[in-house]
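Okay, here's what each chain looks like letter by letter:
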Amino acid sequence: MLIDTALQTQLDAQRDDRLRVLIVGAGVAGLTLAALLRRGGLHPAVIERMPSMAHPGYMLALMPIVDVVFDDLGIHEQYVAHSSPLSRYAFRSHTGKTLRSDDLGDLMSMHGDYQGIERGELIDLLTADGMPVSFGTTVSSVAFDDTTSHVSFTGTDAAASVDLVVAADGIHSRTRDLLPVGDVAELDTGWGGWVSWCDPIGDPALGEEMWGDGSFLGVYPVKDRLGVFLGGPVDDTRSGQAAFADRVRSAAPHLDDRMHAALNSVTADDDPYFWPLTDVRAERWVARTGTGASAVLLGDAAAGFLPTAGIGAAMAMESAWMLGRMLTPLTERDDRLSSLPTVLAAWERIEKPRVESAQQNSRMLAKLMFRRGSVTAWLREAITRMLTVRAALGPIIGLVADQPDPDAVFRRAFTESATTPQR
Ligand SMILES: Cc1cc2nc3c(=O)[nH]c(=O)nc-3n(C[C@H](O)[C@H](O)[C@H](O)COP(=O)(O)OP(=O)(O)OC[C@H]3O[C@@H](n4cnc5c(N)ncnc54)[C@H](O)[C@@H]3O)c2cc1C
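All values reported here derive from a predicted model rather than from experimental measurement.

A.B. asks: Even after reading the chapter, I still don't get the pairing of strand 4 (residues 59–62), so can you show me in this structure?
C.D. replies: Strand residues, when the strand is regular, have side chains that alternate between the two faces of the sheet. Burial along strand 4 is two-sided: Met59 and Ala61 facing one way and Leu60 and Leu62 facing the other are all buried. The sheet contact formed by strand 4 and strand 8 (residues 115–118) spans four bridges and is antiparallel. Looking across to strand 8, one finds that methionine 59 is bridged to glutamate 118.

A.B. asks: What should I look at first to understand the site of the ligand in this one?
C.D. replies: Close to the ligand lie 34 residues, the nearest being Gly25, Gly27, Gly170, Gly299 and Gly312. Those elements that place two or more of their residues in the shell around the ligand are helix 2 (28–39), strand 4 and helix 10 (312–327). Looking at the shell around the ligand residue by residue, the class counts come to 20 nonpolar, nine polar and five charged.

A.B. asks: Help me out: how do you make sense of the packing of helix 10 against helix 15 (residues 406–419) in this one?
C.D. replies: Axes are the key here: two packed helices are described by the angle between their axes and the distance separating the axes. Here helix 10 crosses helix 15 at 50°, and the two axes come no closer than 9 Å. Taken as axis vectors, helix 10 and helix 15 run oblique relative to one another. Along this stretch, helix 10 crosses helix 15, giving a crossing that reads as right-handed. Counting all contacts with helix 10, which are made through Met322, Arg325 and Met326, the residues of helix 15 involved are Pro406, Asp407, Val409 and Phe410. Its residues assigned to classes, the contact of helix 10 with helix 15 shows five nonpolar, no polar and two charged.

A.B. asks: How should I be thinking about the sheet that holds strand 5 (residues 84–85) in this particular structure?
C.D. replies: In a beta sheet, neighbouring strands pair by backbone hydrogen bonds and run either parallel or antiparallel. Strand order in this open sheet of three strands is 4-8-5, and the pairing throughout is antiparallel. For this open sheet the edge positions go to strand 4 and strand 5, each flanked by a neighbour on one side alone. As defined by bridge partners, strand 5 adjoins strand 8 across two bridges and the pair is classed as antiparallel. When the bridges of strand 8 are listed, serine 84 appears paired with glycine 116. Each of strand 4 and strand 8 is contacted by helix 6 (residues 119–126), which is oriented at about 90° to strand 8, the strand it contacts most.

Cut-off values and rules
- Residues numbered from 1 in each chain as written.
- Predicted model: local features only at pLDDT ≥ 70, side-chain atom pairs only at ≥ 80, totals over all residues.
- Buried ≥ 20, exposed ≤ 12 C-beta atoms within 10 Å, placed from the backbone.
- Helix = DSSP H or I, 4+ residues; strand = E, 2+ residues; numbered from the N terminus.
- Pairing = 2+ DSSP bridges.
- Near = placed C-beta within 6 Å.
- Nonpolar A, V, L, I, M, F, W, Y, C, P; charged D, E, K, R; others polar.
- Axes fitted to C-alpha atoms, helices over the stretch in contact; angles between N-to-C directions.
- Parallel < 35°, antiparallel > 145°, perpendicular 65-115°, else oblique.
- Left-handed = near helix turned anticlockwise from the far one by under 90°.
- Contact = placed C-beta atoms within 7 Å.

In structure tokens form, the structure reads like this:
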């Protein structure tokens, strides 16, 4: 549960913490980090731009790399109870025919759970012990001196002096613009689409996608509901979701009741969330402040994802988990804080290539999925008949199978900083 709290109250609570952390953005990454740090005895201050958490939410498929987060927070059973297993994936042709179906259970179960969950449910789980958040608050400036970051805000007169600023404010991060993190490269696919919800129908463990000729329709189970995504080239979507859904219906005569129900849900939604399919990649995750003061980008603010591989939230959670696990031992003794810059650099060295490799996998799939033209569609279908999910997600499966050990990374970084003091 998120507890709306005045920022000054949060800052007062962290006054005696060995590591004072400000987390900007109460999303998946920010709240994962906040929950882990709170479990480690800290009181990170969390701010959120939205006036409340009234967002209708969307569906998230979470790969097994997130299991460690729930294990560490002691809420794995609750996670499984509030989500739905994703055991099968079906691929449909541009006319709506099912071309192949893959067993995801077999592929993932050796690594852990592969579950579908509503974003709101995930946030409830991460904050089940109560999480103070200052809503309606954003960062307006950050200045760095010796070892401290001084932050001012919009939405409150409070000012913060902290050891670490974490910008976890999503793909369109404004806090990122205030930090020296180098170039921020954006990729725009020119596609976008609507996100909606549908009542459950058919196999509750089956995710399905139709890669159309100038359209995309995906259906993803969460507990007791189906998440729906309907998209296409942004220019074509301007006619509105009803007209676009009609076009998809007439181009895909082989769609079944489940996919029709999904299309109908988007049409019936008065105000579905429209999601432009863009991504972003920051040159650096750890800001070069020119002093010993520290600020980092986390989650989509560091590397925002296209939805094609369903991995953005999972990578954001892994990065937050690695960071949380590497920060906690720093707080065990006063003299350890001097190692903060080295530990952050080690975190970036491990996590950034992993996240960017998953992002690259998502980009590669986008090139295959977001296409127009019936000849292209036929060709793609000929390829896809042979392309297993295992092959399509190869690099990501590799990341899942080879998750880093934050304790080992911390020990190496700490030993390194003990020989070369940073601050
Ligand atoms: C429709 C949809 C479906 C997706 N499906 C999947 C999937 O199946 N699997 C998967 O792994 N990933 C999926 N993703 C991607 C996933 O949602 C993101 O990668 C993940 O949420 C990133 O977490 P984050 O905390 O970095 O950002 P977010 O969860 O976006 O959180 C950012 C938070 O910061 C707040 N904020 C923004 N600006 C400011 C500011 N200036 N100051 C303060 N707060 C601010 C926002 O309101 C938000 O609460 C999907 C995304 C979408 C949109």
